[in-house]
Structure formats: C-alpha cells, structure tokens
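For reference, the chains in residue letters:
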Amino acid sequence: TPMSSLIPGYEYDIFISYRQKDNKHDGWVTEFVNNLKGELESTFKEEISVYFDINPHDGLLETHDVDASLKNKLKCLVFIPIISRTYCDPKSFAWEYEFKSFIEQASKDQYGLKVKLPGGNVANRILPVQIHDLENDDRKLVENELGGYIRGIEFIYKEPGVNKPLTKDDDEKKNLNNTKYKIQINKVANAIKEVITAIQQHTPEQEEVAKEVFKPEFVPRKNHKTIIIVALLIVLTSIILGFIFVPKLFKPSGQLEKSIAVLPFALLSDEPDKQYLADGMMDAITLHLSKIKDLRVMSRTSVEQYRHPTKTTTAIGRELDVEYLLEGSFQKFGDSVRLIVQLIKTGKEGHVWANNYDRSWKSVFSVQSEVAQAIARELQAVITPEEKELIEKAPTTNLTAYEIYIKANEYLKEYEKTRNLDTYQNTISLYRTSITIDSSFAKAYTGLAKAYWSRYYWESYFQENFMDSCFALAEIALRFDNQLDEAYYLKGEYYYNNGKIEEALDNLDEALKINPNYYSAYYTKGYILTRVRNDYVKGLENFHKALNIIQGSERSSLLRALGYTYIYAGFYDKAKYYFQGALSMNGDSANYFNNLVFVESSFENFENVQLLNEKISEIDSTYLPATEWFSFRGQHQEAYTVAKKRVERYRKSGELLLINSHRIGYAYWKVGKYKEARDYFNQQIKYGTESIRLSRDIASTKNAQYNLAATYAFLGDKTMAYKYLDEFNTMNFYPKWWIVYLKYDVLFDSIRNEERFQKILQNVEAKYQAEHERVRKWLEEQGEL
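Residues numbered from 1 in each chain as written. Predicted model: local features only at pLDDT ≥ 70, side-chain atom pairs only at ≥ 80, totals over all residues. Heavy atoms only, no water.

## Focus on the overall build of the protein chain
Then, number 1: In terms of regular secondary structure, the protein chain is built from 34 helices and 15 strands.
Then, number 2: By residue count, 56% of the 785 residues in the protein chain fall in the buried class.
Then, number 3: Put simply, of all contacts in the protein chain between residues at least 6 apart along the chain, 66% involve residues at least 24 apart.
Then, number 4: Working note: accessible area of the protein chain is about 34600 Å², and carbon and sulfur atoms make up 48% of it. (Helix = DSSP H or I, 4+ residues; strand = E, 2+ residues; numbered from the N terminus. Buried < 20%, exposed > 50% of the residue type's maximum accessible area, 1.4 Å probe, protein only. Contact = heavy atoms within 4.5 Å. Areas by Shrake-Rupley, 256 points an atom, 1.4 Å probe, with all protein chains shown as cover.)

See the structure below:
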C-alpha cells in the first residue's frame, strides 16, 4: 500500500512521468528516481511519497481505456515529466493522460497549477527534468502547455556532436553545460521542497496566483498567421493590464528601508522664469543625499513626472518604490531665500518632519547641506566622515557663477528633450559665462563637457580626437575638485569609447565611490561588463543596481537593456519579463514586438520573426525590419525592397547608420544590382576597419570583426574572412544570437561547411554554454531560478 501525501486528499507527493523508451535500455529514469528518493530523505524531515510506474504504458498510444486509478495517482503535489525527444509526442500515453491530465486537474484544485513561494516568486507545480536538447517544434509544444518557457532542471551531457542524458559517471569538466549529476539531483530536491513548503504555507494571496491563466505567445506546429496575430494581441493586452502583478525580480529584502525620492520643488512666488532656482535647490539636496551609501535615492529624472502631482503621496511612494518623500517650496527675493521642506513617510504614518529655512542667499550651500543631513538623521542613515565632508563642501565661492550654472543646467535639460540648436547655444554660453566669473568652478566645466557630449557624440564617433574636449574639461574639473563624481563618469565614458576598458571601469568605480546612487555610472558599467568584458554576472549586478534607483522614461530603456542582456545569456523568460515591464511603462507595442523578434530568432523561429515584423509594420508604418530576416529565408525581393527604403531614409540623415551596409549590399546583389552592392560592401569595410583602428564600441563588442568577416566571405576573400573570424573568436563569451547568425548567415555560405569555420562555431557554442551556466548559478544564488 503506497504511503499517502503530506497534504490530506492527495495520493502522492510526487508523480514521475516518462516514456518507456527513455528507461528501456540503460534504466536512466529508474536510477534517477532512486537517487532522488535518497536526496529527498536528507532534504525533508518527513518522508516523501513518490509514484513511479516501472511500465509507463507506452503501448497505449491510441486507446482511451485508461486505468481509472491513474486519475487518483495524478492527484499529487509535484508532477515531474522527464522531458526527452520522445516525450514530446501528442499521441503518447504519457503526454495525453499524464502530462496534460495533470495540468487540467491541478489547474482546478485549491492550490492551482502555480504556487507562490515564500520569497514572493511564483513556481509551477510541474517541474520538468530535461534529458535532451529539444527541437524547436518540441520545445514550443511543451511551452504551449506550460504557458511559458521550460523552467526545469537539465540533466544533459554535451560535447561537440554529443547530446545525451547526464549520468553520475560523466565528468562535468568535459560537459559543455558544466553540470554534475549529484548537484542536479540536489537542485531537483530543493525545488520540490520549495513548492511543497509553499503549498503547506498556503495563504489567501495564493488563491489569486492559482486563478491566473497563462496563455502561450505562439501556437506551435501551426502556420496560421491569423492565429498567431490574435495570440500576439492577447499577450499585449494581458501585459499592459497585468505586469504590475508579476513578482518583482531582484528586490532584496528590506529594500524600502532608508529609501527616498526628492520631488520637484515648487516656486513660492509667481515668477515662472525663476523656477530654475527651485530646481537647483532640489538637485543639490538630491545629490547630497546620493552621496550617502546607507541611503537609496531615486534619480533626478525619476521624479520629474511628479512636478505637478495629481496622486497621493502613498501612490507616488508605491510607484517610486521608496519609503520616504521629500516635498519642498523655494523662493529667492533679493539677497534672501526661503525654503520650506517636509519629509513624508509613504503609507499611513504621513508627515515625519518639516522645517522652514529663512536665510540669506549667501547661506544657500549650508542650507542644502543642513537639510540633507537632517533628512539622513530622520531616516537613521549612517553618514561617514568622508560623506559628511562631501556634503558640506561648497561647489563655488561665487554665487553669481553658481546661479548662472544652475540656469545652464535647465537649458541643457531642455536641449536634451528638444534638440533645439538655439537652446544649445544658450546652454554653452551660460556655462562659459559661469567659468569666466569663477575659473575654479569645477561643476561648470563638467556641465560644459556634458553639453558638448550631448551635442557631438555621434558626429565625432569616427573622428581621431573623439570628444577630446570633454575629456580635457573633466580633467580641469578634477584639478579644482578631485571628488567630483560626474567628472570621473565623463572620463569613464571617454575611455570606453576609445577602447580603453580598464581605464573606463576604474573611472566609473571612482564615480560610484563618491556617489553610490549614480544611475548612469551603474548603467554604463553594466553595459561594458556584459557587452565588452563578457562578465554577465557582474554586469547584471550593476544593471540591477541601476534599476533600484530609476523610474520614468529612462527605466523603460534600462528594462529593455536588461531584457537583451538576458537574451544574450540565454534566459528568455527573464528577457520577456523585462520587455513586458518596458511595455507596461511606455505602451510602445511596436518596440515590444521588436524585442520579441530577438527572442524568437534566438530559438531560430524565423517564421515567427516574419510574423512579428508584419505585426510591427501594421502598428508602425515607418518600421523597417532588418533585411537579413528576409535573406535568411531566401526572400530576396522582399529584402531588396526594405534595403532600398532604408537607403532612402539614411540619405536624409547621413551615412553613419549604414554601418550594417553589407546587409544592404547583399540585398542589392541578389536582385542583380552588382555595382551598388559593391559600393555598400566597400562602405562596410571602411567603417569596420575604422572602428577597429579607433577602438570604437562596435569593435570592442566584436560586431565590426564579425561584419568584416561576413563581408569578405561573401566577396570570396577567405584569407581576410578568417583573419577577422579569428579576431572575433577571441571573446570570452558569445551571446546566443551569435550562434544563430553563424549557423544561418547567408554571407558565410561559401565557407560554413569548412572544418575551420565549424571549429569556430563550436568554440562560440562552448563559451556561450559556460557563461550561461555561470549566470544560471548566480540566478540560483539570488533565489531567481
């Protein structure tokens, strides 16, 4: 008689579902079950019941005469399908009467198919154990039933040409996945414990999770365009309505504590032209608070949306994800100033502290420092002696220079929104005037440098002296103030764009030492670490630090950047989570579907890529998909049509964006326009070699080397093709889409089957797998897998 489940009313705790073929020859499933039982004994303090049928009825492929007792046996807490190539068969007994039946049965019981874990995340009561890499159609078939990507535990052993179930005798060092059998068994047991513990601690909130309906985004093994487009629209609607209910990822416990946002200050007088003074006061207090490591301070751009708030402080605090808000009003009349501030604890507590400051304009810097330190005391934040010194340091001794400087800051913000050249000229003039009045005013130099950077970044991209003036201004600023965070940030950007990665990271670190709440520094550092250094663990850590201190329009950009980073590392469910977050913020469905293009292309689902591109074009008539999506499918006329439109558009804005002109060249070549095609191939060679010579971003990320190799391969110059392929082959890690491109890029057709090319592809795959596994382990440590 089998032992009953831990939960009354359930027959078993765990049900093992598999195909007989996967156990017939080497008994892999039997050995897995035996080892799992042993691990469960050491994981749980109580005995766990496991249903495992040594004969899973593979002969009953077509029958409907199912053993009635099976329905009771399926009434379990956790269902483990052994996912193999043979398991994904809609006609099989295991698929139809175990896998699908459990989904239907669990979806209707009191706990639901999805359970809320103690940490706040959601887990599926189906825990797939994957023993083979799946074909795309098989993967989609499973994911269609699960309502999302397969989030199971892999028991796969891979070497070049080898793809088999992992055994306890396999050497993890030779395995491209670097997984060890015993460790994977432990992961399964721990995952089971999480789900069962969640069920045992069932709360009313779990009822909402249990009621959720998870729909697939694509219907596998069907080619009906209408069905897929309807599915896309359903997904879009559900995302916009439902993203806020998705558990927040990477939110450390206690994150709200000692967190604050400084809302835009109001102007007490009816003098709109003096608003810049109130904004300057607000900026200064925000910056002072940002210097305190014990505080989490939302960035300046995060709060702009609340300049004229129509929401309660509780709602604003919830949206900004902070525990405290600072509201303020400011007025300057003659040589006197009045500042009124109130600290609000979001939620039911209300006002915590308020004060009025009536001082002379000469005391403006001491007021800013005094307010910041008073707030820190109220929040019980620790201020180090170094931080106190930074907060109390006056930026200039000349108040006229300071007033002109803060006015220039407002002009710069306006220029970055409007790109109006008159506004830009006013910005430059004001910064220069401020420097003329006080030649030792460090912030005025970095303000001028930021204005130059904003205006000339792209125009200078392929020049020898790339933004040298910005670097020089940052150096001058540091001579007057060697603790100026934005000067170090500017130097970091300069070094990165000149290919000096170590110097870039060193300067960004200096900026973050001074200002541990510096959003842009975290973002840039995350980008460099992932795209150039190929250290996705440290890169993601920095991206997530940036995410904790940003809201508003910049947050949606960061969410997309995180989404792409997770695509590169091979974690598509997380990528889609962040893409959905960006969509919920900006409502840009065309951009969202464009993001999904990269998800689907990573799965080599080019048919879905085409359907997504068609959907984007319906939403945005100006959208032009990448020509290679047509070229990869042999649709040369379509590729040419898009290429021609792209050329017409670029002729209006300059040549720079034709940096992928080899794709234009290929599209022209395939329709017989050989002369024009040659011109575009030559342009690609010019831009690629210049990028490498000048160490620009496209060279640091190896895009230039790849594009040159592809161009030369198509032109028949194997020597040059392999020269750049070898340079491309020096990276420590390759995003998943590089593998897809190497496998399908039509420009490499002439050499793809050569042994040398295949070895490069194998190396790319191996390095991808190694970093993918490293990120997986990090995610597990964060409790995110």
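Read on, since the account is not over.
## What to know about the pattern of salt bridges
Then, number 1: This model, assessed by the stated rule, comprises 43 salt bridges.
Then, number 2: Of the charged contacts in the structure, one is a salt bridge between Glu271 and Lys274, with a shortest N-O distance of 3.7 Å.
Then, number 3: Judged by its relative accessible area of 26%, Lys274 falls in the partly exposed class.
Then, number 4: A salt bridge links Lys574 to Glu784; the nearest nitrogen and oxygen atoms lie 3.8 Å apart. Highlighted residues: Lys574 in helix H23 (residues 572-586) and Glu784 in the segment after helix H34 (755-781), separated in sequence by 210 residues.
Then, number 5: Lys574 sits in the buried class, given a relative accessible area of 3%.
Then, number 6: On the basis of relative accessible area, Glu784 is assigned to the buried category, the value being 8%.
Then, number 7: The structure contains a network of salt bridges with shared partners spanning Asp279, Asp283, Arg300, Glu304, Arg307, Glu410 and Lys413. (Salt bridge = Lys/Arg side-chain N within 4 Å of Asp/Glu carboxyl O.)

## Notes on the pairing of strand S1 (residues 12-17)
Then, number 1: With six of its six residues buried, S1 lies for the most part within the structure.
Then, number 2: Sheet topology places S1 next to strand S3 (residues 76-83); five bridges connect them, and they run parallel. Bridge assignment links Ser17 to a residue of S3, and that residue is Pro81.
Then, number 3: As defined by bridge partners, S1 adjoins strand S2 (residues 50-51) across two bridges and the pair is classed as parallel. In the sheet register, Phe15 faces S2, and the bridge partner there is Tyr51. (Pairing = 2+ DSSP bridges.)

## Some thoughts on the nonpolar core
Then, number 1: Core analysis: the largest hydrophobic core is formed by 186 residues, its most contacted members being Phe265, Leu289, Leu326, Leu339, Ile375, Leu725 and Phe748.
Then, number 2: Residue contacts for Leu725: discarding those within four places in its chain leaves Ala709, Leu742, Phe748, Ile751, Phe757 and Ile760.
Then, number 3: Of all hydrophobic cores here, the second largest spans 40 residues; its members include Phe32, Phe52, Ile131 and Tyr181. (Core = buried A, V, L, I, M, F, W, Y, C linked by side-chain atoms within 4.5 Å.)

## Notes on the packing of helix H17 (residues 468-480) against helix H18 (residues 485-497)
Then, number 1: The geometry of H17 relative to H18 is characterised by a closest axis approach of 9 Å and an angle of 150° between their N-to-C directions. In terms of orientation, H17 lies roughly antiparallel with respect to H18. Remark: the crossing between H17 and H18 carries left-handed chirality. Taking contact as the criterion, the partners of Asp468, Phe471, Ala474, Glu475, Ala477 and Leu478 in H17 are, on H18, Ala487, Tyr488, Leu490, Lys491, Tyr494 and Tyr495. (Axes fitted to C-alpha atoms, helices over the stretch in contact; angles between N-to-C directions. Parallel < 35°, antiparallel > 145°, perpendicular 65-115°, else oblique. Left-handed = near helix turned anticlockwise from the far one by under 90°.)

## Side note on helix H32 (residues 718-728)
Then, number 1: Looking at H32, one finds that the buried residues are Ala721, Tyr722, Tyr724, Leu725 and Phe728. Burial along H32 is one-sided: seen end-on, the buried residues are contained in an arc of 165°.
Then, number 2: Considering only its buried residues, H32 is in contact with helix H29 (674-693), helix H31 (703-715), helix H33 (736-744) and H34. (Arc of directions from axis to C-beta.)

## Examining the confidence of the model for the protein chain
Then, number 1: Here the protein chain shows a mean pLDDT of 86. Residues at 70 or above account for 88%.
Then, number 2: Per-residue pLDDT stays below 50 along residues 59-66; that stretch engages in ten contacts with residues further than four places along the chain or on separate chains.
Then, number 3: Confidence drops under a pLDDT of 50 for residues 238-255, and excluding neighbours within four residues, the segment shows 36 contacts in the predicted structure. (pLDDT = per-residue confidence, 0-100.)

## A closer look at the packing of H18 against helix H19 (residues 501-514)
Then, number 1: Taken N-terminus to C-terminus, the directions of H18 and H19 make an angle of 160°; their axes are 7 Å apart at the nearest point. The orientation of H18 relative to H19 falls into the category roughly antiparallel. Along this stretch, H18 crosses H19, giving a crossing that reads as left-handed. Facing Asp485, Tyr488, Tyr489, Lys491, Gly492, Tyr495 and Tyr496 of H18, the residues of H19 in contact are Ile501, Glu503, Ala504, Asn507, Leu508, Glu510, Ala511 and Ile514.
Then, number 2: Within the contact of H18 with H19, the residues separate by chemical class into nine nonpolar, two polar and four charged. (Nonpolar A, V, L, I, M, F, W, Y, C, P; charged D, E, K, R; others polar.)

## What about the side chain of Asn507?
Then, number 1: With respect to the element layout, Asn507 can be found in helix H19.
Then, number 2: For Asn507, a relative accessible area of 9% gives the class buried.
Then, number 3: Looking at Asn507, its side chain comes within polar contact range of the main-chain oxygen of Glu503, at 2.9 Å.
Then, number 4: If near-sequence neighbours (up to four positions away) are discounted, Asn507 is found in contact with Tyr488, Lys491, Gly492 and Tyr495. (Polar contact = N/O pair within 3.5 Å; in protein donor to acceptor, adjacent residues only side chain to side chain.)

## Quick word on the sheet that holds strand S7 (residues 153-154)
Then, number 1: Here we have five strands laid out as an open sheet, ordered S2-S1-S3-S6-S7, and parallel in their pairing. Only two strands of the sheet have a single neighbouring strand rather than two, namely S2 and S7.
Then, number 2: The sheet strands contacting helix H2 (residues 28-43) are S1, S2, S3 and strand S6 (129-130), and the helix crosses S3 at an angle near 145°.

## Thoughts on the packing of aromatic side chains
Then, number 1: A complete count under the given rule lists 65 aromatic pairs for this structure.
Then, number 2: Between Phe15 and Tyr51, the ring centres sit 4.8 Å apart and the planes meet at 25°, which makes this aromatic pair stacked. You can see Phe15 sitting in strand S1 and its partner Tyr51 sitting in strand S2, a full 36 residues away along the chain.
Then, number 3: Take Phe15: its relative accessible area is 0%, and that puts it in the buried class. (Phe/Tyr/Trp six-rings, centres within 6.5 Å; stacked < 30°, edge-to-face > 60°.)

## Points about unusual backbone geometry
Negative phi values dominate among residues other than glycine, just as trans dominates among peptide bonds.
Then, number 1: The phi dihedral of Asn534 is positive, around 60°, even though this residue is not glycine.
Then, number 2: Within the secondary structure, Asn534 sits in the loop between helix H20 (519-532) and helix H21 (536-547).

## Brief notes about the environment of Arg560
Then, number 1: Structurally, Arg560 is set in helix H22 (residues 553-569).
Then, number 2: For Arg560, a relative accessible area of 19% puts it in the buried group.
Then, number 3: In this structure, the C-alpha to C-alpha distance between Arg560 and Asn595, residues 35 residues apart in sequence, is 7.9 Å.
Then, number 4: Arg560 has contacts with Phe579, Ala582, Asn586, Asn591 and Asn595, leaving out every residue within four places of it along the chain.

## Points about H22
Owing to its 3.6 residues per turn, the α-helix brings residues three or four apart onto one side.
Then, number 1: Here H22 is 17 residues long and its end C-alpha atoms lie 25 Å apart, about the 24 Å a rise of 1.5 Å per residue gives.
Then, number 2: Among the 17 residues in H22, 14 count as buried, and that is most of the element.
Then, number 3: One or two steps after H22, the chain reaches Gly570, where phi turns positive at roughly 90°. (Expected span 1.5 Å × (residues − 1).)

## Focus on the environment of Arg296
Then, number 1: Secondary-structure assignment places Arg296 in strand S12 (residues 296-297).
Then, number 2: Sequence separation between Arg296 and Ser259 is 37 residues, and the spatial gap between their C-alpha atoms is 4.5 Å.
Then, number 3: For Arg296, the side chain forms a polar contact with the main-chain oxygen of Asp321, separated by 2.4 Å.

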